[in-house]
Amino acid sequence: VLLGTNGACPSRVVTTGTLRGGVDWSIACAMSGFGDKCHPGLAATVICTLEGSTPEEVVYTGTRGTLRIHRSAHTPTKLTMSVAKSRLESTEETFEFELPPVPEGALPFNYPNSQGFIYEAQAVHACLRSGAREPSEWTHSEAVGTLKLLDSIRKAVKEAGNEF
């Protein structure tokens, strides 16, 4: 969600969910109030669960259309942009791209398309080589904001006490 808000964290977060063995098993979260970095009327809804098969997609909806990041959204190879001409008509354009090749000698990945995270490792290496303390693509402040948001979501789920 925060990638679509230029890293701005929401001021209002409402969360519910369930725990299994103390683990946040499923969550539903509504967020709003993303501040000055983007439209203050922006709202986001996130649903995550280990209980069922989800589409694993992200859809950004704006005033002129949508951007769908196809599954698996955390390592996508396909995006579809839909621009509304009217309430009944829109145009769509799909963009497809390959994941980077698996590096020679790499250990097997646990999850499909995990080589899509190579870009993150390359960004860290570039920072280390250049002496930078953070990548320009995702700053330390944005990372800390993300972690605080995740902590507040987990806390809300645990406080709800829906253990099964």
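Data block above holds the structure.
Now for a look at the structure at hand. Keep in mind that what you see is a predicted model, and the values were worked out from it rather than measured.

**Considering the side chain of Thr80**
Stage number 1. Structurally, Thr80 can be placed in strand E6 (residues 78-84).
Stage number 2. Of the polar contacts made by the side chain of Thr80, one reaches the side chain of His70; its length is 2.7 Å.
Stage number 3. Not counting residues within four places of it along the chain, the set of residues in contact with Thr80 comprises Thr66, Leu67, Arg68, His70, Glu92, Glu93 and Thr94.

**With respect to the pattern of salt bridges**
Stage number 1. Per the counting criterion, the structure on display carries six salt bridges.
Stage number 2. The partner of Arg68 in a salt bridge is Glu57, with the nearest N and O atoms 2.6 Å apart. Residue Arg68 is found in strand E5 (residues 65-69), and its partner Glu57 is found in the loop between strand E3 (43-49) and strand E4 (58-61); the two are separated by 11 residues along the sequence.
Stage number 3. Residue Arg68 is classed as partly exposed on the basis of its relative accessible area of 31%.

**Notes on the nonpolar core**
Stage number 1. Among the nonpolar cores identified, the biggest contains 11 residues, and these are Leu2, Ala8, Leu19, Ile27, Cys29, Met31, Phe34, Ala44, Leu149, Ile153 and Val157.
Stage number 2. When residues of this core are traced back to their parent elements, those giving at least two are strand E2 (23-32) and helix H2 (140-160).
Stage number 3. For Val157, the contacting residues outside a window of four places in its chain are Thr15, Thr16, Gly17, Thr18, Leu19, Asp24 and Ile27.

Thresholds, definitions, all that
- The residue numbering used here restarts from 1 in each chain and proceeds along that chain's sequence as written.
- Under the rules for a predicted model, residues below a pLDDT of 70 receive no local features and side-chain atom pairs below 80 are neither given nor counted, while totals for whole chains, interfaces and linings still include all residues.
- Computation of side-chain values covers all heavy atoms of the structure but excludes hydrogens and water.
- Numbering of helices and strands runs from the N terminus; a helix is a DSSP stretch of H or I covering at least four residues, while a strand is a stretch of E covering at least two.
- Pairs of N or O atoms are called polar contacts if they sit within 3.5 Å, as long as, within protein, a hydrogen donor faces a hydrogen acceptor (for residues adjacent in sequence, only side-chain-to-side-chain pairs).
- The contact definition used throughout considers only heavy atoms, calling two residues in contact when any of these lie within 4.5 Å.
- We count a salt bridge whenever a side-chain nitrogen from Lys or Arg sits within 4 Å of a carboxyl oxygen from Asp or Glu.
- Think of it in three bands: residues with accessible area under 20% of the maximum for their type are buried, residues over 50% are exposed, and the middle band is partly exposed, with areas taken using a 1.4 Å probe on protein chains only.
- We define the nonpolar core as a collection of buried residues of types Ala, Val, Leu, Ile, Met, Phe, Trp, Tyr and Cys that are connected through side-chain atoms lying within 4.5 Å of one another.

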